[in-house]
Amino acid sequence: MSIWQYANPVKFLALSSRVQPYLWAAAVICVTTGLLWGFFGTPDDARQGSTVKIIYLHVPAALMAINAWFMMLIASLIWLVRRHHVSALAAKAAAPVGIVMTLIALVTGAIWGQPMWGTWWAWDPRLTSFLILFLFYLGYIALWEAIEDPDTAADLTSVLCLVGSVFAILSRYAVQFWNQGLHQGTSVPVATGGRTVADVFFYPLLVSMVGFGLLFLALVIYRTGTEIRLRRAAAMRARTGRGA
Amino acid sequence: MPELGKYAIEVLSAYAASLGLLGVLIGITLRRGRAAQATLKAAEMEAKKNG
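Residues numbered from 1 in each chain as written. Chains lettered and ligands numbered in written order. Predicted model: local features only at pLDDT ≥ 70, side-chain atom pairs only at ≥ 80, totals over all residues.

Engineer: Which residues make up the overall build of chain B, and what values do they have?
Structural biologist: In terms of regular secondary structure, chain B is built from one helix and zero strands. Once the C-alpha set of chain B is aligned to its principal axes, its extents read approximately 70 × 15 × 5 Å. Here chain B holds 51 residues, and 18% of them are scored as buried. (Helix = DSSP H or I, 4+ residues; strand = E, 2+ residues; numbered from the N terminus. Buried ≥ 20, exposed ≤ 12 C-beta atoms within 10 Å, placed from the backbone.)

What follows is the structure, given as structure tokens:
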């Protein structure tokens, strides 16, 4: 048994149809629990008041915005090295999910920033790198749509994904690289484990982060199936002489 | 409903915007998925008809 067997579209579709009901159920349960727990079951913060409740949306969305790009990077590398079509289609499928996560992080960040910092926006390293990441997502999606030949589109978008990864890394580590700006450092550092968030806020946040991760997975697997079916339909029509 | 105090508009608008965006994403994803299934079915029927 090798993981590469799932590069076969038929096997991928068979596996995805088996796991999707569980994945969607787990995602809905975790997102709903995390958000309801955070919204209704946590107190106000001493400094930030009730705006702390925005953390249950902002942090998971920002986390997935960056991780979605890294997933696209891995899928793009697999395409460039091994030429598996499913990996190229998985990268394509992840981009709209990633851009929505980036948009949620930017919008909730602006709404949170206004009462806390006194401004909707600042050219702060993390905010700026996130905006550039958003623009990379836009460019990536536009490039897929602009090129008719799917293999050429996969090649060029993979290269764009490699370049954009610099900004995905900057988005995550901007605060450490440039010790300036309004945005605080990471509240839940996975590597060091030295989180600055109290337990009462952390546990619902953790559930929400897991939920956003599962939702991302469910959406990407479903959308990859959609891309495979569209590709197969186009190939069938091309064979029967009607063109894609 | 929890007491959100003077930041009620900010908190509620953040939740409304985020859930709205997620709803649109899921809606578009499911609609496109169903359309793709119908397209593939039609292409398979066509291929069968043409031998």
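Engineer: Which residues make up the overall build of chain A, and what are the values?
Structural biologist: The helix and strand inventory of chain A stands at six helices and zero strands. In chain A, the order of α-helices and β-strands from amino to carboxyl end is α-α-α-α-α-α. By the compact-globule yardstick of 18 Å for 244 residues, chain A fits well, its C-alpha radius of gyration being 20 Å. With respect to the three principal axes, the spread of C-alpha positions in chain A is 65 × 35 × 30 Å. Looking at chain A residue by residue over its 244 residues, the buried ones come to 43%. The long-range fraction of contacts in chain A, counting pairs at least 24 apart against all pairs at least 6 apart in sequence, stands at 75%. (Rg over C-alpha atoms; globule rule 2.2 N^0.38 Å. Contact = placed C-beta atoms within 7 Å.)

Engineer: Describe unusual backbone geometry, listing the residues and the values that go with them.
Structural biologist: Keep in mind that most residues, glycine aside, have a negative phi and that most peptide bonds are trans. Residue and element names in this part refer to chain A. Its identity as a non-glycine residue notwithstanding, R83 has a phi of 60°, on the positive side. Along the chain, R83 falls in the loop between α2 (55–82) and α3 (85–117). R83 sits in the partly exposed class, given 13 other C-beta atoms within 10 Å.

Engineer: Any chance you could break down helix α1 (residues 9–40) of chain A for me, citing the residues and the numbers?
Structural biologist: The α-helix advances 3.6 residues per turn, and as a result positions three or four apart in sequence lie on the same side. All names here are of chain A. Between the first and last C-alpha of α1 there are 43 Å, a value that for 32 residues agrees with the 46 Å anticipated at 1.5 Å per step. V19 marks where α1 bends most, by close to 40°; the proline P21 follows one to four residues later. Within α1, burial applies to F12, A27, C30, V31, G34, L35, G38 and F39. Buried residues in α1 make contact with α2, α3 and α6 (199–239). (Expected span 1.5 Å × (residues − 1). Bend = angle between axes of the 7 residues up to and from the residue.)

Engineer: Could you give an account of the interface of chain A and chain B, naming the residues involved and the relevant values?
Structural biologist: At the junction of the two partners, chain A supplies 32 residues and chain B supplies 25 residues. Residues of the side of chain A that touches chain B, tallied by class, amount to 19 nonpolar, eight polar and five charged. (Nonpolar A, V, L, I, M, F, W, Y, C, P; charged D, E, K, R; others polar.)

Engineer: Lay out the packing of α6 of chain A against helix α1 (residues 8–49) of chain B in plain terms, naming residues and giving numbers.
Structural biologist: Contact geometry of α6 of chain A with α1 of chain B gives a least axis separation of 8 Å together with a crossing angle of 25°. In terms of orientation, α6 of chain A and α1 of chain B fall into the roughly parallel class. Relative to α1 of chain B, the crossing made by α6 of chain A is left-handed. The segment α6 of chain A lies against α1 of chain B, with L219, Y222, R223, G225, T226, R229, L230, R232, A233, M236 and R237 of chain A engaging T29, R32, G33, A36, Q37, T39, L40, A43, E44 and A47 of chain B. Looking at the contact of α6 of chain A with α1 of chain B, its residues break down into nine nonpolar, six polar and six charged. (Axes fitted to C-alpha atoms, helices over the stretch in contact; angles between N-to-C directions. Parallel < 35°, antiparallel > 145°, perpendicular 65-115°, else oblique. Left-handed = near helix turned anticlockwise from the far one by under 90°.)

Engineer: Please set out the packing of α2 of chain A against α3 of chain A residue by residue, giving values where relevant.
Structural biologist: Residue and element names in this part refer to chain A. Contact geometry of α2 with α3 gives a least axis separation of 7 Å together with a crossing angle of 155°. One finds that α2 runs roughly antiparallel with respect to α3. α2 and α3 meet at a crossing whose hand is left-handed. Partitioning the contact of α2 with α3 into residue classes produces 22 nonpolar, seven polar and no charged.

Engineer: Residues and numbers for α1 of chain B, please.
Structural biologist: Helix length check: α1 of chain B (42 residues) gives 61 Å between terminal C-alpha atoms against 62 Å at 1.5 Å per residue, within 8%. Within the span of α1 of chain B, buried status applies to E10, V11, A14, S18, L22, L25, A36 and A43 of chain B. On its buried face, α1 of chain B sits against α2, α3 and α6 of chain A.

Everything listed here is a matter of geometry and, on its own, says nothing about what the molecule does.
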